[in-house]
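Structural characterization, general
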Amino acid sequence: MRLRDLAMSRIRFGYLRLTVLLQREGWQVGKKLVYRHYRDLGLQMRTKRRRKLASARRVSVEPACQPNERWSMDFITERLEGGRYFRTLTVVDQFTRECPVLEPALSLSGRHVVACLERVAAQRGYPQSITVDNGSEFTSRAMDAWAYEHGVRLDFIRPGKPVENGFIESFNGRLRDECLNTHLFWNIEDARKKLEQWRWDYNHRRPHSALANLPPAAFAAGTVRGQSQDKLKQTREARTAECST
């Protein structure tokens, strides 16, 4: 019954993340038991499989080694119920996977992006670099002047190569799957409220598989206290071994 309740409230979570949530609540269950009940209850998610594409050489990027070292930034588009489209600025810390801001607006200029980044920097400080695409907002004079003034390097990916900004592409996929596709947005204020609720849940409650199933905020706090490093190291080593094979 508890598994069903969680699945109904977290409709885009698979059995592995539901297992983590149950274990947090004190249930002594493993993923095999949860999967058996998950299947018997008919809770499986239907996901659209992407066609395999020809393998292409990818650019090797140095991983971030500490919080606030490298961010990723992009936009995602959604429609209000009135028919108008709005865009949301998304930002992710590549090391902790935290999302410091989700900023929706009907129009987002370079100056608007700079103002949003200033609010984030007032709380977290300035990053060393930000990975972005070649959109006009990121190549604007306002953005260039802001980056130069604060010593922030803008790493532009190659045109048509979104895989080079994989952190934000993955995050945007989660955002669309778990929030944008499951809510109706009546106006910008309604969208801002719902996006902020999802952002808080993502940072503080949602288990992240790349962080040994810790929420990003918990992992970030752990790095300050010197905790969680062993779990993260083991997880990354295992994933690196899988890629090499």
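In this report, we go over the structure that sits alongside the text. (Residues numbered from 1 in each chain as written. Predicted model: local features only at pLDDT ≥ 70, side-chain atom pairs only at ≥ 80, totals over all residues. Heavy atoms only, no water.)

1. Structural notes on the overall build of the protein
Applied cut-off: By the criteria applied, helices consist of DSSP H or I runs no shorter than four residues and strands consist of E runs no shorter than two, each listed in order from the N terminus. Exposure categories follow from relative accessible area, calculated using a 1.4 Å probe and restricted to protein chains: below 20% of the type maximum is buried, above 50% is exposed, and the middle band is partly exposed. Here a residue-residue contact requires only that any non-hydrogen atoms of the pair lie within 4.5 Å. Here the accessible surface of atoms and residues is derived via Shrake-Rupley with a 1.4 Å probe, and residues count as covered only by protein chains that are part of the display.
Assigned secondary structure in the protein consists of nine helices and five strands. When the helices and strands of the protein are read in sequence order from the N terminus, they spell out α-α-α-β-β-β-α-β-α-β-α-α-α-α. Counting the 245 residues in the protein, one finds 43% classified as buried. Once local pairs closer than 6 in sequence are excluded, the contacts in the protein between residues at least 24 apart make up 58%. With an accessible surface of roughly 15100 Å², the protein has 49% of that area assigned to carbon and sulfur atoms.

2. Thoughts on the pattern of salt bridges
Convention followed: Put simply, a salt bridge is a Lys or Arg side-chain nitrogen that is within 4 Å of an Asp or Glu carboxyl oxygen.
Per the stated rule, a full pass over the model turns up 14 salt bridges. For the salt bridge of Glu 103 with Arg 192, the shortest nitrogen-to-oxygen distance reads 3.8 Å. Of this pair, Glu 103 sits in strand β3 (residues 101–105) while Arg 192 is found in helix α7 (residues 188–204), placing the two residues 89 residues apart along the sequence. Asp 155 is paired through a salt bridge with Arg 153; the nearest N and O atoms lie 2.9 Å apart. One network of salt bridges, in which partners are shared, links Glu 103, Arg 119, Glu 189 and Arg 192.

3. A look at the sheet that holds β3
Put simply, the rule is: At least two bridges found by DSSP between two strands are what make those strands a pair. Interaxial angles span 0 to 180 degrees and are taken between N-to-C directions of axes, which are lines fitted to C-alpha atoms, for helices over the stretch in contact.
As summarised here, the arrangement of the five strands in space is β3-β2-β1-β4-β5, forming an open sheet in which the pairing is mixed. Bordering the open sheet on either side are β3 and β5 (153–156), each of which pairs with just one other strand. Across the sheet, the mean angle from the axis of one strand to that of its neighbour is 25°, orientation sign disregarded. Relative to strand β4 (residues 129–132), strand β1 (residues 70–79) runs parallel, the two being bridged by three bridges.

4. Side note on the nonpolar core
Formally: Side-chain atoms within 4.5 Å are what join buried Ala, Val, Leu, Ile, Met, Phe, Trp, Tyr and Cys residues into a set we call a nonpolar core.
Ranked by internal contacts, the top residues of the largest apolar core, which has 21 residues, are Met 73, Leu 89, Val 113, Leu 117, Ile 130, Met 143 and Trp 146. Of all the elements in the fold, those that place two or more residues in this core are β1, β2 (85–93), β3, α4 (110–124), β4 and α5 (141–150). Broken down by element, this core gets its largest block of residues, five residues, from α4. If near-sequence neighbours (up to four positions away) are discounted, Met 143 is found in contact with Met 73, Val 113, Val 114, Leu 117, Glu 137, Phe 138 and Leu 154. By size, the runner-up hydrophobic cluster in this structure holds 17 residues, among which are Ile 76, Leu 80, Cys 179 and Trp 198.

5. Some remarks on the packing of helix α2 (residues 15–24) against helix α3 (residues 31–40)
To be explicit about the condition: Put simply, a crossing is left-handed when the front helix is turned counterclockwise from the back one by less than a right angle, and right-handed when it is turned clockwise.
For the pair α2 and α3, interaxial distance at closest approach is 9 Å and the crossing angle is 115°. The handedness of the crossing between α2 and α3 comes out as right-handed. Note on element contacts: α3 touches α2 through Lys 31, Val 34, Tyr 35 and Tyr 38, opposite Tyr 15, Leu 16, Leu 18, Thr 19 and Leu 22.

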